[in-house]
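Residue strings, one per chain:
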Amino acid sequence: MTHLQRPDHLKPIHVVGGGLSGSEAAWQIARRGVPAVLHEMRPDRSTAVHKSGQFAELVCSNSLRSDDAEGSAIGLLHAEMRRLGSLVMHAADAHKLPAGGALAVDREGFAAAITAALEDEPRIDIRREEILEPPPDWDSVIIATGPLTSPALADAIRALTGETALAFFDAIAPIVHRESIDCDVTWFQSRYDKAGPAGSGADYINCPLTRGQYEAFIDALLAGEKIAFHDFEATPYFDGCLPIEVMAERGRETLRHGPMKPFGLTDPHRPAVKPYAVAQLRQDNKLGTLFNMVGFQTKLKHGEQVRIFRMIPGLAKAEFARLGGLHRNTFLNSPKLLDETLRLKSMPRLRFSGQITGCEGYVESAAIGLLAGRFAAAERRGERPRLPPPTTAHGALIGHITGGHIETIDAGPRSFQPMNINFGLFPSLASGVARSAKKPAICARALADLEAWLGKAALHAAE
Ligand SMILES: Cc1cc2nc3c(=O)[nH]c(=O)nc-3n(C[C@H](O)[C@H](O)[C@H](O)COP(=O)(O)OP(=O)(O)OC[C@H]3O[C@@H](n4cnc5c(N)ncnc54)[C@H](O)[C@@H]3O)c2cc1C
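Calculation criteria
- Residues numbered from 1 in each chain as written.
- Predicted model: local features only at pLDDT ≥ 70, side-chain atom pairs only at ≥ 80, totals over all residues.
- Heavy atoms only, no water.
- Helix = DSSP H or I, 4+ residues; strand = E, 2+ residues; numbered from the N terminus.
- Buried < 20%, exposed > 50% of the residue type's maximum accessible area, 1.4 Å probe, protein only.
- Contact = heavy atoms within 4.5 Å.
- Areas by Shrake-Rupley, 256 points an atom, 1.4 Å probe, with all protein chains shown as cover.
- Salt bridge = Lys/Arg side-chain N within 4 Å of Asp/Glu carboxyl O.
- Pairing = 2+ DSSP bridges.
- Axes fitted to C-alpha atoms, helices over the stretch in contact; angles between N-to-C directions.
- Phe/Tyr/Trp six-rings, centres within 6.5 Å; stacked < 30°, edge-to-face > 60°.
- Lys NZ or Arg CZ within 6 Å of the ring centre and 35° of its normal.

Attention shifts here to the overall build of the protein. When helices and strands are counted, the protein shows 12 helices and 17 strands. Expressed as a percentage of its 463 residues, the buried residues of the protein come to 56%. Here the analysis covers contacts within the protein between residues at least 6 apart in sequence; of these, 72% occur between residues at least 24 apart. When the accessible surface of the protein is summed, it comes to about 19,200 Å², and 55% of that surface belongs to carbon and sulfur atoms.

See below:
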């Protein structure tokens, strides 16, 4: 990666929050030759889920999801971010772990690499402090304080926007000590033996269930004691992150077609018998001592989690390093409040970035930080911020945030909701493309349009 020439005497851009989004935003600003001040409240003040003072801490799963840039929207976003000189992707690639078709990372190495890069960057001034409200003399600010924005700043944002923030649930999946998993019952295999970016094709531990075991498990989930709702949590779940017991409530077969689907897997202990359902665990740390239960986010009480998850064959003696939990998420009604470059329409010196804008996920949050940083730096340099084409994953994502919905939050159940990147956010292809060729065609179009957007000079800067 090479630096752009440093324009003299530019005032700094203030980035509030050093998570996935703020870290990437600060990096992009500095890479465009503009100084940034990065304000992060940790470690002095933490959130309910962060554990360290590191930048870009992954608070739950260690997976950045599929790395397939020809068949998945998130893999395409990865590829675009790499082209755009993303610090987050650079660190992810340097600290990847085996995980089938997914890009999983050693969470500590990943966050440490990002922290070191930001600390070593001379154009970034790091200040460990909570920002209660952006002072009036900060003329360019990126607020990237995430789903767990500190209450004081959340109040200030609410006062500024006049909007009531929304809340929905994210949920943490349990983590199991590998040595406590019964290898006489389970086996290592990635679905369809997919090797992926750092895998071997045998990266998941699979726990097979017969029909009877599956039915008993569903009964236990349905009957299991759950953590009571608080008043502030009384909002709908985000569909991409449903607790496992809520999925079971939606239909007894739902899990078999979701996180417990048995497809693409063969039990070597009983190759002639197809499991009725399969629970999968994925490596969670570099040492390979911890495995997380994929898709098993839950709001069951801790004691119930231990009892019910031990019903799964192979986990009868499971020791849990961490049990599942539930967390609140705060996000703006962005289509109404933000302009197309993520500035607050009523106060354009403030720009928002990351999950607080209504994207969902580590990678999406970092991608929006990447764009916010580039937009703010361009403005500071007296240039016009250039929007990515809507045919790119970045363009599709920002389109969802700033223009994807027209209803207001208060208009009813169809109001703006957070979303992961997905092919539904991309403009349609010209007719005549066969169904099976659509995803690769959307990806190819995106990467070609990204190249055209970058142009020669910008391409050089991103390398
Ligand atoms: C419990 C939970 C589990 C999740 N699990 C997943 C998952 O498995 N996979 C996934 O892709 N996404 C997951 N998410 C979503 C994930 O948090 C976001 O995708 C991502 O971390 C958001 O990035 P961000 O930069 O917007 O916010 P964050 O990464 O949360 O960063 C915000 C930063 O701002 C700081 N901050 C807050 N207020 C202030 C203030 N006033 N002053 C200074 N600093 C402040 C915080 O300390 C934090 O470092 C989860 C979220 C939660 C809450």
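This is not the end of the story, as more comes after the structure.
For the coordinates displayed, the defined rule picks out 24 salt bridges. Among the ionic pairs, D139 bridges to R380, the shortest N-O distance being 2.7 Å. With D139 in the loop between β6 (124-128) and β7 (141-143) and R380 in helix α10 (residues 362-380), this residue pair connects regions lying 241 residues apart in the sequence. Relative accessible area serves as the criterion here: at 18%, R380 is assigned to the buried category. When salt bridges that share partners are traced, they join R211, E215, D219 and R252 into one network.

Reading across the sheet, the 3 strands line up as β3-β5-β4 and stay open at both edges, with antiparallel pairing between neighbours. At either end of the open sheet lies a strand with only one pairing partner, and these are β3 (63-66) and β4 (96-97). With 2 bridges joining them, β3 and strand β5 (residues 102-105) adopt antiparallel strand pairing. When the bridges of β5 are listed, S63 appears paired with A104.

Strand order in the open sheet formed by 6 strands is β10-β11-β12-β13-β9-β14, with antiparallel pairing between adjacent strands. At either margin of the open sheet sits one strand with a lone partner, and together these are β10 (187-188) and β14 (320-322). In the packing of helix α6 (residues 211-223) onto the sheet, contacts are made with β11 (204-209) and β12 (277-283), and the angle to β11 comes to roughly 95°.

Next up on the list: the packing of aromatic side chains. For the structure shown, the criterion picks out 6 aromatic pairs. Ring plane angle 65° and centroid distance 5.6 Å describe the contact between Y214 and Y276, whose orientation is recorded as edge-to-face. With Y214 in helix α6 and Y276 in the loop between α7 (244-249) and β12, the pair connects residues that are 62 residues apart, well separated along the chain. No difference in accessibility class separates Y214 from Y276, as the two residues are buried. In this structure an aromatic cluster arises from ring pairing among F217, F296 and F309. Positioned above the aromatic ring of F55, the side-chain terminus of R128 is 4.5 Å from the ring centre. Of note, R256 hangs over the ring of Y276, and the distance from its end group to the ring centre comes to 3.8 Å.

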